Amino acid sequence: MTIGGWLATRTPPPPPLLAARLEEALAPALGRDVAHVEDASLAAAEAILHQLLSTPDAGRDRALDLLAADALVTYAFEAASDEPDAIAARADGAMARLARLAAERRA
């Protein structure tokens with residue numbers, strides 16, 4: 001199964017606008033094997049957040065991007081839940097990746 005196929009099986013499905021934004025964010029990875037969904041989802045969320053943090057005047061008009069980043073992180077952890085023994089380490093890694101964005105913005 002591909003990442004795109006996996007995304008299409010999520011229930012409940014996201015609202016159409018959010019689904020389109022998720023597909024856009026994951027576009028480079030949609031054809032990859034589902035084994036990469038966790039990393040691809042985190043990377044896509046990270047890219048969206050980087051863009052938001054780099055836009056000083058980002059406002060409510062970017063709410064869809066923030067919802068997409070949240071959904072992508074949720075999907076990453078949904079995929080990671082298949083290996084519960086590794087979830088703590090994966091959570092630490094994800095938090096470090098996302099926290100780095102805030103640190104870069106402050107610098």
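Residues numbered from 1 in each chain as written. Predicted model: local features only at pLDDT ≥ 70, side-chain atom pairs only at ≥ 80, totals over all residues. Heavy atoms only, no water.

Another point: the side chain of Ser41. Among the secondary structure elements, Ser41 is positioned in helix 3 (residues 37-53). Ser41 gets classed as buried once you look at its relative accessible area, which sits at 1%. Within the structure, Ser41 has its side chain in polar contact with the backbone oxygen of Val37 (distance 2.8 Å). Those residues in contact with Ser41, other than ones at most four positions away along the chain, are Leu26, Leu72, Tyr75 and Ala76. (Helix = DSSP H or I, 4+ residues; strand = E, 2+ residues; numbered from the N terminus. Buried < 20%, exposed > 50% of the residue type's maximum accessible area, 1.4 Å probe, protein only. Polar contact = N/O pair within 3.5 Å; in protein donor to acceptor, adjacent residues only side chain to side chain. Contact = heavy atoms within 4.5 Å.)

Under the definition given, this model contains eight salt bridges. Note that Asp65 is salt-bridged to Arg21, the shortest N-O span being 2.6 Å. One end of the pair, Asp65, is in helix 4 (residues 63-80); the other, Arg21, is in helix 2 (residues 16-26), and 44 residues separate them in sequence. An identical accessibility class is assigned to Asp65 and Arg21; each is buried. Among the salt bridges present, the one from Arg97 reaches Glu46, with a minimum N-O distance of 2.9 Å. Residue Arg97 is found in helix 5 (residues 87-106), and its partner Glu46 is found in helix 3; the two are separated by 51 residues along the sequence. Taking relative accessible area as the criterion, Glu46 reaches 19% and is therefore assigned buried. One network of salt bridges, in which partners are shared, links Arg21, Glu24, Arg62 and Asp65. (Salt bridge = Lys/Arg side-chain N within 4 Å of Asp/Glu carboxyl O.)

A few words on the nonpolar core. Grouped together as the largest cluster of nonpolar side chains are 22 residues, with contacts concentrated most on Ile3, Leu22, Leu26, Ile48 and Leu72. At the level of secondary structure, the elements contributing two or more residues to this core comprise helix 1 (3-8), helix 2, helix 3 and helix 4. Ranked by residue count, the leading element in this core is helix 3, at seven residues. Among all residues touching Leu22, those that are not within four sequence positions of it are Leu7, Pro14, Ala68, Ala71, Leu72 and Tyr75. (Core = buried A, V, L, I, M, F, W, Y, C linked by side-chain atoms within 4.5 Å.)

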